[in-house]
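# Structure assessment
Residues per chain are reported as follows:
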Amino acid sequence: MKKIGFLSFGHWTPSSQSATRSAQDVLLQSIDLAVAAEELGADGAYFRVHHFARQLSSPFPLLAAVGARTKKIEIGTGVIDMRYENPLYMAEDAGAADLISNGRLQLGLSRGSPEQVIEGYRYFGFDPQNGESDADMGRRHTDELLEVLRGEGFAKPNPQPMFPNPPGLLRLEPFSAGLRERIWWGSGSNATSIWAAQQGMNLQSSTLKDDETGEPFHVQQAKQIRAYRQAWEAAGHQRTPRVSVSRSIFALTNDTDRAYFGRSGQDRDSVGFLDEKTRAIFGRSYAAEPDQLIKQLAQDEGIAEADTLLLTIPNQLGVDYCAHVIESILTHVAPELGWR
């Protein structure tokens, strides 16, 4: 059995060919798709965060709205770039969104990826400390967030407060118990997956990672997940961690599916460079008739290792079509693979 959700990058563009022509379009349609996915029996609604781009960027208003409109589906991110985040302000926003959703928030974080602008985090008021890289800064922000999410008091109260205080040091409010255990780390390498395990975070692995062995993407991803689980056990954490992978998967069940994805040309891995030093491998997409798709997915070692699968959806094709993409997997593929 697997949890199956969707992951939306929230693209929008003022084009007549796009169903999301404005930021308002993509925000409102994201809420509607989460509602539709819950009605179909999907387990999660996840959203990517990119700054300075025509995509989703400010996750907490959206997550709170989705939480208010739904009852059961997990709501989350995949991922928030922690180089841009004030950890304390983020903890308040996350606590509020989690309480609104009654404890359904699954918050995916990361040190960040190449962005739209040069050192965009500086425009948000954040600079790496002396001797610190931007990746180090993102992990430091994460450490600070994890600490305040424990819910322990750390701030000295004013002896003459405007309102009465509880005794002792004060914590951030609102505090949502259990949220600390629902923090995920988006890892692109074996080393950072091990670090995530040591910090007690769940693991998100996407459709790209550092090309560390030259093997097929799904094989490298499976090894990454196994390294994470070994590190988790070595750290002595008491709970069972969760692991998600994301995939572009399209069951071709009608002529519209075949027109959009029948000749995608992305049925094999590709290799490129994220920067001058980092060689990355990008996992293939899957698009086939359901019977063929089932055989192909059964060979994917990365999916086999994970407990959660996030389907990347083409959000610019609109709510109805994206709901159809999700329903096709839940109906025609997942039962045959034992995911349902």
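What you see is a predicted model; the values in this text were computed from it and never measured. (Residues numbered from 1 in each chain as written. Predicted model: local features only at pLDDT ≥ 70, side-chain atom pairs only at ≥ 80, totals over all residues. Heavy atoms only, no water.)

Let us look at the side chain of Asp98. Relative to the elements of secondary structure, Asp98 occurs in helix α3 (residues 87-100). Here Asp98 falls in the buried class, since its relative accessible area comes to 0%. The contacts of Asp98, once residues within four sequence positions are left out, are Gly103, Arg104, Leu105, Ser176, Leu179 and Arg182. (Helix = DSSP H or I, 4+ residues; strand = E, 2+ residues; numbered from the N terminus. Buried < 20%, exposed > 50% of the residue type's maximum accessible area, 1.4 Å probe, protein only. Contact = heavy atoms within 4.5 Å.)

Spatial strand order, β8-β12-β11: 3 strands in an open sheet with antiparallel pairing. On the outer flanks of this sheet lie β8 (208-210) and β11 (270-273), each paired with one strand and no other. Neighbour-to-neighbour, the strand axes of the sheet open up by a mean angle of 30°, direction not taken into account. Here β11 runs beside strand β12 (residues 279-282); their pairing, made up of 4 bridges, is antiparallel. What sits directly across from Phe273, in β12, is Arg279. (Pairing = 2+ DSSP bridges. Axes fitted to C-alpha atoms, helices over the stretch in contact; angles between N-to-C directions.)

This part covers the side chain of His50. Of note, His50 is situated in the loop between β2 (44-47) and α2 (59-69). Residue His50 is classed as buried on the basis of its relative accessible area of 12%. Reaching out from His50, the side chain makes a polar contact with the side chain of Gln55 at a distance of 3.0 Å. Not counting residues within four places of it along the chain, the set of residues in contact with His50 comprises Phe9, Gln55, Leu56, Ser57, Ser113 and Glu115. (Polar contact = N/O pair within 3.5 Å; in protein donor to acceptor, adjacent residues only side chain to side chain.)

Let us look at the packing of aromatic side chains. This model, assessed by the stated rule, comprises 11 aromatic pairs. One aromatic cluster in this structure is built from Phe52, Tyr84, Tyr121, Tyr123 and Phe124. (Phe/Tyr/Trp six-rings, centres within 6.5 Å; stacked < 30°, edge-to-face > 60°.)

Per the UniProt annotation, the sites labelled "domain: Luciferase-like" (unreviewed entry) are residues 9-257. With 36% helix and 14% strand, the stretch residues 9-257 has end C-alpha atoms that lie 20 Å from each other. (UniProt positions renumbered as here; feature names shortened; annotations may be inferred.)

This paragraph deals with the pattern of salt bridges. Pairing is possible between side chains that carry opposite charge, provided their charged atoms lie close to one another. Enumeration over the complete set of coordinates arrives at 24 salt bridges. Arg83 is the partner of Asp81 in a salt bridge, and the nearest nitrogen-oxygen pair spans 2.7 Å. Like Asp81, the residue Arg83 is buried in the burial classification. With a closest N to O distance of 3.0 Å, Lys209 and Glu212 form a salt bridge. Using a relative accessible area of 1% as the deciding quantity, one classes Lys209 as buried. By relative accessible area, which is 40% here, Glu212 ends up partly exposed. Where salt bridges share partners, they join Lys3, Glu74, Arg242 and Asp307 into one cluster. (Salt bridge = Lys/Arg side-chain N within 4 Å of Asp/Glu carboxyl O.)

This part takes up the environment of Arg140. Topologically, Arg140 is positioned in helix α4 (residues 134-148). If we ignore the near neighbours within four places in the chain, the residues touching Arg140 are Asp127, Gln129 and Glu132.

A cluster of nonpolar side chains, namely Phe52, Tyr123 and Phe124, defines an oily patch on the protein surface of about 360 Å² accessible area. Phe124 gets classed as partly exposed once you look at its relative accessible area, which sits at 39%. (Patch = residues over 30% accessible without salt bridge, like charges linked within 9 Å, V, L, I, M, F, W, Y side chains within 5 Å. Areas by Shrake-Rupley, 256 points an atom, 1.4 Å probe, with all protein chains shown as cover.)

The next point concerns unusual backbone geometry. Across the junction of Gly78 and Val79, the peptide omega takes the value 15°, indicating a cis bond. Assignment of secondary structure puts Val79 in the loop between β3 (74-77) and β4 (80-81). In this structure, Phe52 takes a positive phi of about 60° despite not being glycine. If you trace the backbone, Phe52 turns up in the loop between β2 and α2. Of the residues examined, Phe52 reaches a relative accessible area of 42% and is grouped as partly exposed. One non-glycine residue, Asn102, adopts positive backbone phi at about 60°. Mapped onto the elements of the fold, Asn102 is located in the loop between α3 and β5 (105-110). Relative accessible area serves as the criterion here: at 70%, Asn102 is assigned to the exposed category.

Another aspect to go through is the nonpolar core. Judged by nonpolar contacts, the single largest core of 70 residues is most densely connected at Phe6, Leu107, Leu109, Ile249 and Leu293. Once residues lying within four places of it in the same chain are set aside, the contact partners of Ile249 are Tyr286, Leu293, Leu297, Ile303, Leu309, Leu311, Val325 and Ile329. Core analysis: the second largest hydrophobic core is formed by 5 residues, Phe250, Leu252, Phe261 and Tyr321 among them. (Core = buried A, V, L, I, M, F, W, Y, C linked by side-chain atoms within 4.5 Å.)

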